[in-house]
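Residues per chain, in single letters:
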Amino acid sequence: MSGNVRVVLDEENKRAFIHVSYDVAALAKATGPAVSLDWGITEVCTDDSGVHHGDEYGRALSSMTKRRHKTGKARNKLHALSKRDAGSRRTKHISRNNLGTKKQKARLRRAKAQLQTISGAAIKEVVYGEGNRTRANGRAPQHPSQRPKEIITEDLSHLGGKAKSKKISRLCSSWARDENQERIMVHAHVGTSGIKTVNAAYTSQTSPNPTCGYVSFDNRSGDVFHCRNPYWDCNWQGDADHVASMNIKSRIQDHQIDRFTPYTEVRKILDARFLR
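Not measured: the values here are computed from a predicted model. One numbering rule holds for all chains: residues counted from 1, following each sequence as written. Only residues with pLDDT of at least 70 get local features here, since the model is predicted, and only at 80 or more are side-chain atom pairs given and counted; chain-wide, interface and lining totals rely on the full set of residues. As a rule here, side-chain values come from all non-hydrogen atoms in the structure, and water together with hydrogens is ignored.

Visitor: Explanation requested: the pairing of strand β6 (residues 150–154) in the structure shown.
Guide: Successive side chains on a regular strand alternate, one facing one side of the sheet and the next facing the other. Each residue is assigned to one of three classes by its accessible area relative to the maximum for its type, calculated with a 1.4 Å probe on protein chains only: buried under 20%, partly exposed between the two thresholds, exposed over 50%. The helix and strand labels rest on DSSP assignments: H or I over at least four residues marks a helix, E over at least two residues marks a strand, and numbering proceeds from the N terminus. With 4 of 5 residues buried, β6 lies mostly within the body of the structure. Between any two strands, pairing holds if DSSP finds at least two bridges. With 2 bridges connecting them, strand β3 (residues 35–39) and β6 associate as parallel partners. Bridged to valine 35 within β6 is isoleucine 151. In terms of strand pairing, β6 meets strand β7 (residues 194–198) through 5 bridges, oriented parallel.

Visitor: Explain the sheet that holds strand β8 (residues 220–221) to me, please; I cannot follow it from the model alone.
Guide: Taken in spatial order, the 3 strands line up as β8-β9-β10 in an open sheet, and their pairing is antiparallel. For this open sheet the edge positions go to β8 and β10 (237–239), each flanked by a neighbour on one side alone. Across 2 bridges, the pairing between β8 and strand β9 (residues 224–226) is antiparallel. Residue pairing in the sheet places arginine 220 in a bridge with phenylalanine 225 of β9. Sheet contacts for helix α6 (residues 240–251): β8, β9 and β10; angle to β10, the most-contacted strand, approximately 90 degrees. Contact definition: two residues touch when any of their heavy atoms are within 4.5 Å. Fitted lines through C-alpha atoms give the axes, limited to the stretch in contact for helices. The angle between two N-to-C directions lies from 0 to 180 degrees.

Visitor: Explain the pairing of strand β1 (residues 5–10) to me, please; I cannot follow it from the model alone.
Guide: As paired strands, β1 and strand β2 (residues 15–20) are joined by 6 bridges and run antiparallel to one another. Counted as the bridge partner of valine 8 is phenylalanine 17 from β2. What sits between β1 and β2 in their antiparallel hairpin is a turn of 4 residues, with lysine 14 showing a positive phi close to 55 degrees.

Visitor: Looking at this model, I keep getting lost on the pattern of salt bridges. Mind explaining?
Guide: It is possible for side chains bearing opposite charge to pair when their charged atoms get close. For salt bridges, the criterion is a side-chain nitrogen of Lys or Arg within 4 Å of an Asp or Glu carboxyl oxygen. For the structure shown, the criterion picks out 8 salt bridges. Here lysine 249 ties to aspartate 48 by a salt bridge, and the two come within 3.0 Å at their closest N and O atoms. Of the two residues, lysine 249 sits in helix α6 while aspartate 48 sits in the loop between β4 (45–47) and β5 (52–53), which places them 201 residues apart along the sequence. For arginine 183, the salt bridge goes to glutamate 179, with nearest N and O atoms at 2.9 Å. Of the two residues, arginine 183 and glutamate 179 both sit in helix α5 (residues 174–190), 4 residues apart, roughly one turn of that helix. Classification of arginine 183 as partly exposed rests on a relative accessible area of 23%.

Visitor: Could you clarify how one ought to interpret a nonpolar patch on the surface in this entry?
Guide: Residues enter patches when their relative accessible area tops 30% and they take part in no salt bridge; the joining distance is 9 Å for like charges and 5 Å for the nonpolar side chains Val, Leu, Ile, Met, Phe, Trp and Tyr. Using a 1.4 Å probe, accessible areas were evaluated by the Shrake-Rupley method; residue-level cover was limited to the displayed protein chains. A cluster of nonpolar residues, Met1, Val5, Val7, Leu9, Ile18 and Val20, forms a patch on the protein surface that exposes about 640 Å² of accessible area. Counting residues per element, the ones that place at least two in the nonpolar patch are β1 and β2. Looking at the nonpolar patch element by element, the count peaks at 3 residues for β1. The residue leucine 9 is located in strand β1 in this model.

In structure tokens:
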């Protein structure tokens with residue numbers, strides 16, 4: 001072992017971690033077709049061919065957020081009770097036995113580890129190709145044509161604050177988004193895939209039909225997309241995440257809409273195109 005070594009002490013659990021940084025050897029240059037991804041909350045992501053990666057992600061994320069929400073409400077009630085009866089014997093008992101953070105932190109750590117495992121497997125599937133996650137052990141061949149030469153993702157940096165639904169707001173945690181973004185950057189580097197980020201405004205509400213392009217909030221209902229074009233019969237139907245990933249892929253060639261175009265300006269551009 002050589003180079004810089006960092007020792008991290010975990011006093012709570014009386015243990016230590018040793019961190020050593022090292023360079024990861026890149027694979028042969030990827031030559032497969034470009035792939036675009038739409039990040040999700042019912043699955044890790046959906047690519048432009050309609051394949052969902054990490055289907056169990058939604059159940060795990062929903063279970064974690066539901067439990068944290070339920071526990072948080074119960075703890076808030078106990079906090080309010082302890083403030084009303086501050087200094088009483090009952091309050092001291094509650095503080096000692098019901099308001100600790102040790103078990104809460106352990107549960108959160110386990111839940112995050114589960115999400116990381118699901119997310120990591122899904123992202124490896126995108127970068128290295130399905131069935132090629134075991135390449136390190138030599139159990140599956142790895143061909144450069146099975147890895148995308150370019151991965152196009154949506155820019156989620158502008159998402160912040162609360163969504164219209166409190167449940168969606170809890171599920172769309174910045175931690176999960178950052179975790180997925182960081183992981184795909186690492187694996188794309190190892191797999192020699194380029195990363196490009198595009199503006200994601202209205203990608204799940206726009207018809208991917210090149211002869212239509214109608215944009216409306218009514219086009220999407222949950223995970224289902226159905227074009228409601230009132231002027232002619234487009235009637236495009238499909239999975240909303242698949243539609244979003246298709247639009248994300250086409251946006252890489254869009255010279256009017258760049259990554260930093262405000263969403264209000266994006267809507268004006270899309271509406272003008274449709275009217276033309």
